[in-house]
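Chain and residue survey
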Amino acid sequence: MLSLFQILLLVLDIVWFFIIAHVIMSWLINFQVLNLQQQLVGQIWYMLQRILEPLYAPVRRIMPNMSGIDLAPLVVLIAVYALRIIIQNNMMAFY
């Protein structure tokens, strides 16, 4: 059972990394440091969009419109971190 918790924590760490990479890339694209016309940048951006949009969409439906500011990644990061804390604190009950 401990292995399943460790695998779940690994998946949460990967999701955390993807969200951070997505946020940083969005800033770099908006400040025109990165160009989506470059093939590698475009592929990475669209891959991150396809992976993370199912996580962001429910949050965006619940949150009010902030006129250009997207707080969905922040809410998802907090949720991933909270889920990680819950798993770590309750992992010892399954020894």
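Computed from a predicted structure; not experimentally measured.

1. Points about the overall build of the protein
When you go through the protein residue by residue, the secondary structure sums to three helices and zero strands. Taken against the 2.2 N^0.38 rule, which gives 12 Å for 95 residues, the C-alpha radius of gyration of the protein at 16 Å runs more than 25% over that of a compact globule. C-alpha atoms of the protein, sized along the principal axes, occupy 50 × 35 × 20 Å. The buried share among the 95 residues of the protein stands at 25%. Partitioning the intrachain contacts of the protein with sequence separation of at least 6 by distance along the chain shows that 56% fall at a separation of at least 24.

2. Remarks on the nonpolar core
Judged by nonpolar contacts, the single largest core of 15 residues is most densely connected at I19, Y56, V76, V80 and I87. Among the secondary structure elements, those contributing two or more residues to this core are α1 (2-30), α2 (39-62) and α3 (72-90). For V76, the contacting residues outside a window of four places in its chain are I19, L55, Y56 and V59. M25, I29, V41 and W45 belong to the second largest nonpolar core, which has five residues in total.

3. Remarks on α3
For an α-helix, the turn length of 3.6 residues means that residues three or four places apart are oriented alike. The terminal C-alpha atoms of α3, which comprises 19 residues, lie 27 Å apart, in line with the 27 Å expected from a rise of 1.5 Å per residue. Looking at the buried side of α3, the elements it contacts are α1 and α2.

4. Concerning unusual backbone geometry
One non-glycine residue, Q32, adopts positive backbone phi at about 60 degrees. Examined against the element boundaries, Q32 turns out to sit in the loop between α1 and α2. Residue S67 is not a glycine yet carries a positive backbone phi of 50 degrees. Position of S67 relative to the elements: it lies in the loop between α2 and α3. Judged by its relative accessible area of 68%, S67 falls in the exposed class.

5. Section: the packing of aromatic side chains
For the coordinates displayed, the defined rule picks out two aromatic pairs. Relative to Y81, the ring of W16 has its centre 6.0 Å away and its plane inclined at 45 degrees; by these criteria the two rings are tilted. Here the residue W16 occupies a position in helix α1, and Y81 occupies one in helix α3, the gap between them amounting to 65 residues. You can call W16 partly exposed: its relative accessible area is 34%. Since its relative accessible area comes to 49%, Y81 is described here as partly exposed. Both rings, one in F17 and one in F18, keep their centres 6.2 Å apart while their planes meet at 45 degrees; by these two values the pair is tilted. You can call F17 exposed: its relative accessible area is 54%. Overall, F18 belongs to the partly exposed group, its relative accessible area being 22%.

How each quantity is defined
Residues numbered from 1 in each chain as written. Predicted model: local features only at pLDDT ≥ 70, side-chain atom pairs only at ≥ 80, totals over all residues. Heavy atoms only, no water. Helix = DSSP H or I, 4+ residues; strand = E, 2+ residues; numbered from the N terminus. Rg over C-alpha atoms; globule rule 2.2 N^0.38 Å. Buried < 20%, exposed > 50% of the residue type's maximum accessible area, 1.4 Å probe, protein only. Contact = heavy atoms within 4.5 Å. Core = buried A, V, L, I, M, F, W, Y, C linked by side-chain atoms within 4.5 Å. Expected span 1.5 Å × (residues − 1). Phe/Tyr/Trp six-rings, centres within 6.5 Å; stacked < 30°, edge-to-face > 60°.

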